[in-house]
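Coordinates in review
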Number of protein chains: 2
Amino acid sequence: MDKPPKQTKHELFLNYKIWLSGLTGNGKISDTTFELLGLIKKLGSIKLAAQACEISYRKAWGDIESAEKMLSYQLIEKQRGGKEGGHSQLTPACIKLLEAYEALQQKFDDSVEKAFNDFEIAMAKKPEE
Amino acid sequence: MDKPPKQTKHELFLNYKIWLSGLTGNGKISDTTFELLGLIKKLGSIKLAAQACEISYRKAWGDIESAEKMLSYQLIEKQRGGKEGGHSQLTPACIKLLEAYEALQQKFDDSVEKAFNDFEIAMAKKPEE
DNA sequence: TTACGAGCTGTAGCCCGTTGCATATCGATA
DNA sequence: TATCGATATGCAACGGGCTACAGCTCGTAA
């Protein structure tokens, strides 16, 4: 899921990872989890989303559970049974959260790009300058 | 070493981690490694710096080695022997790198703060707004 | 010339996140 | 009312990262 990092003239890449945590530190929502949520929204299924995310269903399920526990509200509307076995969709609260996160992520990307450009410039300078 | 993350009115914290990697992905320089380098500069000893960093000497040494291999230049001037056992200091190239990183880190912090403020505002709004 | 303490190095073992598997549950629809 | 497949859940096993520890190397100052 990690997007290709940015390269310097010095053959360095900048990588970063962001996540949300709760007050007591007893849980977290990682970028991967948000990606998972986005895929559930798109695919309507935890199973399919987990596959697309290249993580085990077990992990996907656990991540959702811990995120919901941390936030103390429901993220996923789950439907079991039926010929199709079941399906899932995001709650309105989850959609709101996801959209806020995606905006956060986007702003972050832009800022990082800028900061890293400055880094490249600094590294290109000779030490004595 | 992780600094306290920022809190929303929704009792959420934003956390992040950055690191540099090389072309072939065969190594990385984490924020912890940069913290270690800063402490070596300050304390003049890998051993003391590792203690201050709360990592094992073994890991500190391995991190430095892999960073130097990745960059293919020397970061640390090491001195063995003597009554004091030895000491270490940063090379000029390392100091330059460290300073560039610290500036990058600072800009990162600012970006995070700004992006997270917007996130808070978005989360404070009612879904229908 | 020796003693000391940091730099170096290998390895056994722990911790913890994750996978993989097994198995149960549910319920719309055919 | 039988079926089918996704949701739900536990657990053994694996693997990577790290620590703990043991032991060595070095060279200066006493």
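Here, every reference points to the structure presented above.
First things first, this report covers the structure right here in the doc. (Residues numbered from 1 in each chain as written. Chains lettered and ligands numbered in written order. Predicted model: local features only at pLDDT ≥ 70, side-chain atom pairs only at ≥ 80, totals over all residues. Heavy atoms only, no water.)

**A closer look at the packing of aromatic side chains**
Aromatic ring pairs: the centre-centre distance and the angle between the two ring planes describe each pair. Using the criterion set out here, one finds nine aromatic pairs over all chains in the structure. Arranged with centres 5.6 Å apart and planes meeting at 15°, the rings of Phe116 of chain B and Phe119 of chain B form a pair that is stacked. Taken as a pair, Phe116 of chain B and Phe119 of chain B lie in helix 4 (residues 92-124) at a separation of three residues, close to a single helical turn. Here Phe116 of chain B matches Phe119 of chain B in class, with each residue buried. Through a chain of ring-to-ring contacts, the aromatic side chains of Tyr16 and Phe108 of chain A together with Tyr16 and Phe108 of chain B assemble into a single cluster. (Phe/Tyr/Trp six-rings, centres within 6.5 Å; stacked < 30°, edge-to-face > 60°. Helix = DSSP H or I, 4+ residues; strand = E, 2+ residues; numbered from the N terminus. Buried < 20%, exposed > 50% of the residue type's maximum accessible area, 1.4 Å probe, protein only.)

**Notes on the interface of chain A and chain B**
Taken together, the 36 residues of chain A in the interface contact 36 residues of chain B. Here chain A and chain B share two salt bridges between them. Residue Asp118 of chain B is joined to Lys107 of chain A by a salt bridge in which the shortest nitrogen-to-oxygen separation is 3.2 Å. Only strand 2 (13-22), helix 3 (57-71) and helix 4 (92-124) of chain A provide two or more residues apiece to the side of chain A that touches chain B. Here the side of chain A that touches chain B gets 15 residues from one element, more than from any other, and that element is helix 4 of chain A. For the side of chain A that touches chain B, the per-class residue count stands at 24 nonpolar, five polar and seven charged. Where strand 2 of chain A meets strand 2 (residues 12-21) of chain B, 10 bridges bridge the pair, whose relative direction is antiparallel. Looking at strand 2 of chain B, one finds that Leu20 of chain A is bridged to Leu14 of chain B. (Contact = heavy atoms within 4.5 Å. Salt bridge = Lys/Arg side-chain N within 4 Å of Asp/Glu carboxyl O. Nonpolar A, V, L, I, M, F, W, Y, C, P; charged D, E, K, R; others polar. Pairing = 2+ DSSP bridges.)

**Description of the protein's contact with DNA strand C**
The immediate surroundings of DNA strand C are formed by 24 residues, with Ser56, Arg80 and Gly82 of chain A together with Trp61 and Lys78 of chain B found nearest. Among the atoms of DNA strand C lying within 4 Å of the protein, the sugar-phosphate backbone contributes 63%. Between DNA strand C and the protein, one listed contact pairs a base nitrogen with a backbone N or O atom of Lys83 of chain A at 3.2 Å. A distance of 3.3 Å separates a sugar or linking oxygen of DNA strand C from a polar backbone atom of Glu84 of chain B. Those elements giving two or more residues to the surface near DNA strand C turn out to be helix 3 of chain A together with helix 2 (46-53), helix 3 (57-71), strand 4 (76-80) and strand 5 (86-90) of chain B. Residue composition of the surface near DNA strand C, by class: four nonpolar, 10 polar and 10 charged. (Near = heavy atom within 4 Å. Polar contact = N/O pair within 3.5 Å; in protein donor to acceptor, adjacent residues only side chain to side chain.)

**A short note on the relation of the copies chain A and chain B**
The operation relating chain A to chain B is a screw motion whose rotation component is 180°, with 0.1 Å of axial translation and a residual RMSD of 0.1 Å. The two molecules are tied by a two-fold rotation axis, judged by turn and shift. When the interface residues of chain A are mapped onto chain B, 100% of them are again interface residues, pointing to one common binding face. (Least-squares fit on C-alpha atoms with pLDDT ≥ 70 in both.)

**Regarding the environment of Ile76 of chain A**
Residues and elements named next belong to chain A. Positionally, Ile76 belongs in strand 4 (residues 76-80). The spatial distance from the C-alpha of Ile76 to the C-alpha of Cys94 is 7.3 Å, given a sequence separation of 18 residues. Ignoring sequence-local partners within four residues, the contact set of Ile76 consists of Leu37, Ile40, Ile64, Glu68, Ser88, Gln89, Leu90 and Thr91.

**Details of the pairing of strand 4 of chain B**
Residue and element names in this part refer to chain B. Sheet topology places strand 4 next to strand 5; five bridges connect them, and they run antiparallel. Note on strand 5: the bridge partner recorded for Gln79 is His87. In textbook terms, the turn of a hairpin is the stretch between consecutive antiparallel strands, and for strand 4 and strand 5 this stretch comprises five residues, one of which, Gly81, has a positive phi near 80°.

**Section: the nonpolar core**
By size, the foremost hydrophobic cluster in this structure holds 72 residues, and its most contacted members are Ile40, Phe108 and Phe119 of chain A together with Phe108 and Phe119 of chain B. If we skip the residues at most four places from it in the chain, Phe108 of chain B touches Leu14, Tyr16, Phe108 and Val112 of chain A together with Tyr16 and Ile18 of chain B. (Core = buried A, V, L, I, M, F, W, Y, C linked by side-chain atoms within 4.5 Å.)

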